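Remarks on the overall topology
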Amino acid sequence: RERLGAAYGDTAAQRAAVEADAAVSALTPSSSSPQRGAPALFQPDYWARIGGAVALSSLAGVLVVCVFITLVVKTPMGFIIGALVANVMVWLVAGGVYVGCALAYDFTWIPSVPLFVVGLCMALFYLLLHRRIPFAAAVLGCVGKLLVRYPATVALSFAHLAGLLLWSALWAAVVVLSALWLHAAQDGLPLYGAVIIYAYLLLCYYWTQQVIRNICHTTIAGTFATWYFLAGNNNAMPSNPTLGAYRRATTTSLGSICFGSLLVAIIQTVRAIVRSLRTDRFSCCCCLIDCCLACVEGMVRYFNKYAYCLVAMYGHPFCTAAKDTFALLSNHGIFAIINDLIIGKVMAIACAASVVFCMACGFGLGVALLVGTTAIGDPIQWAPGAVVAALASGVIGHVMLSQVLVVIDSGVVTLFVCFAMDAPALERNDPKLHATLMETYRLV
């Protein structure tokens, strides 16, 4: 300041001093505002706010589940038609947006053609199936009402999800310990021994995973089948059909569940081994084998889903239920597949909408909570946390609705099998629903 005063006078010196102080204060971070860049990410309050955003956005997942169940119960026909129309519109709008961007920024619009083709093909497919939608809507509406009547099925779905996660963690720990043991004993262990251990661990993982899933499916099927056959007789209807169905699935029907699960687990194990053998030399051959095995696995899983319903309904062994399932699909297979396609597409659209909505809520809440401690004009500060909150919220929304959809999927298959095997039983228990299903079935 003394040098500036001597050179330029007092007024100029004061002005230069003020500018110098402002520059120093701009370069020196204050205690109230965080620095630009990464340091804000390491503040405890930063991640606490992200956790709060995720916790609040989980309420959005609960809201989505409630809205979904309400639509399924109140207006199943409108819900199915709206979901199918929305699916077509998403493809067509995506194609239109791409064409608009191509014209605005002067690049080719040809990649938009597949989007329009897929949208138009889906629209044509839905028009061809419009006569089958009323039956699917009647079945879906009935399953929604039963889900509300027996909420223990939803709790069972979440409990088995926790069991799957626990089993996966336990299996991962065993794999790590086995790898350490093999590394220590690699000099004295032949190669085929390591391969056998690897295949055995894979088979154990897939088999147990399938057993857990199929116990849940068989229990839900047993609950809905109990209602189907006994709802009209208050004396015979148990007070907690879910508990009784779970007891049967884990005792008398457990052998059938394990046997059917073993078939799928063997195919999955072979697929995993084939994928591990994929190299540059055998890549094409391994891909072809994996594709064929994937098709076989899909057919076996679809067949087992119906077979387990018969196991839950009549307590048959798996082989007897498989014969009955083959006869059932021979007579009503096309109708069952189309019914599953319609309801499956609706559930997939609902799940995708839940993920998008929860991610949007998580991102918005993340930004709203983070800008209180960071500079709103600095995306480097709040963008990572908002993205983390959006991803976590999307996962939570997907898990919440997908577990409800597990119950609905099992219920739809069970109600269809019960109606195909013994339609007069429904007339005794619920004449109105029987008349609706028979009327919509004749329209096909």
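First, a word on what this report is: a plain description of the structure on this page. Computed from a prediction, not measured in an experiment: that's the story for all the values here.

This part covers the packing of helix α6 (residues 133-149) against helix α12 (residues 318-370). Across the interface, α6 lies against α12 with an axial gap of 10 Å and an inter-helix angle of 70°. Compared by their axis directions, α6 and α12 come out roughly perpendicular. Viewed along their axes, α6 and α12 form a crossing whose handedness is right-handed. In contact with Ile133, Phe135, Ala136 and Leu140 of α6, α12 contributes Phe335, Asn339, Ile342 and Ile343.

On the surface, Met77, Ile81, Val85, Met89, Val93 and Val97 cluster together into a nonpolar patch covering about 490 Å² of accessible area. Among the structural elements, Val93 can be located in helix α4 (residues 76-105).

With that out of the way, let us pick up the nonpolar core. In terms of nonpolar packing, the biggest core is built from 72 residues, with Phe68, Ile80, Trp227 and Ile408 touching the most fellow members. Phe68 has contacts with Phe79, Ala350, Leu401, Val404, Leu405 and Ile408, leaving out every residue within four places of it along the chain. In terms of nonpolar packing, the next biggest core, distinct from the first, is built from ten residues, Leu164, Trp171, Leu201 and Tyr206 among them.

Turning our eyes to something else, we now look at the pattern of salt bridges. For the structure on display, the rule yields five salt bridges. Among the salt bridges present, the one from Arg271 reaches Glu297, with a minimum N-O distance of 2.8 Å. Taken as a pair, Arg271 in helix α10 (residues 254-276) and Glu297 in helix α11 (residues 283-314) lie far apart in primary sequence, 26 residues in all. For the pair shown, Arg271 and Glu297 are each scored as buried. Taking the shortest distance from any N to any O, the salt bridge between Glu297 and Arg301 comes out at 3.6 Å. Of this pair, Glu297 and Arg301 both sit in helix α11, four residues apart, roughly one helical turn. Residue classification places Glu297 among the buried positions, given a relative accessible area of 8%. On the basis of relative accessibility, which here comes to 37%, the residue Arg301 falls in the partly exposed class. Where salt bridges share partners, they join Arg271, Arg275, Asp290, Glu297 and Arg301 into one cluster.

On to the environment of Asp340, then. Position of Asp340 among the secondary structure elements: in helix α12. A relative accessible area of 15% places Asp340 in the buried class. Considering only alpha carbons, one finds Asp340 and Phe416, 76 residues apart in sequence, at a separation of 9.9 Å. Look past the residues within four positions of Asp340 in its chain and what remains in contact with it is Tyr302, Lys305, Tyr306, Lys345 and Val413.

One full turn of an α-helix is made of 3.6 residues, so residues set three or four places apart face in the same direction. Here α11 is 32 residues long and its end C-alpha atoms lie 46 Å apart, about the 46 Å a rise of 1.5 Å per residue gives. Downstream of α11 by one or two residues, Gly315 has phi in the positive range, about 70°.

About the cut-offs
Residues numbered from 1 in each chain as written. Predicted model: local features only at pLDDT ≥ 70, side-chain atom pairs only at ≥ 80, totals over all residues. Heavy atoms only, no water. Axes fitted to C-alpha atoms, helices over the stretch in contact; angles between N-to-C directions. Helix = DSSP H or I, 4+ residues; strand = E, 2+ residues; numbered from the N terminus. Parallel < 35°, antiparallel > 145°, perpendicular 65-115°, else oblique. Left-handed = near helix turned anticlockwise from the far one by under 90°. Contact = heavy atoms within 4.5 Å. Patch = residues over 30% accessible without salt bridge, like charges linked within 9 Å, V, L, I, M, F, W, Y side chains within 5 Å. Areas by Shrake-Rupley, 256 points an atom, 1.4 Å probe, with all protein chains shown as cover. Salt bridge = Lys/Arg side-chain N within 4 Å of Asp/Glu carboxyl O. Core = buried A, V, L, I, M, F, W, Y, C linked by side-chain atoms within 4.5 Å. Buried < 20%, exposed > 50% of the residue type's maximum accessible area, 1.4 Å probe, protein only. Expected span 1.5 Å × (residues − 1).

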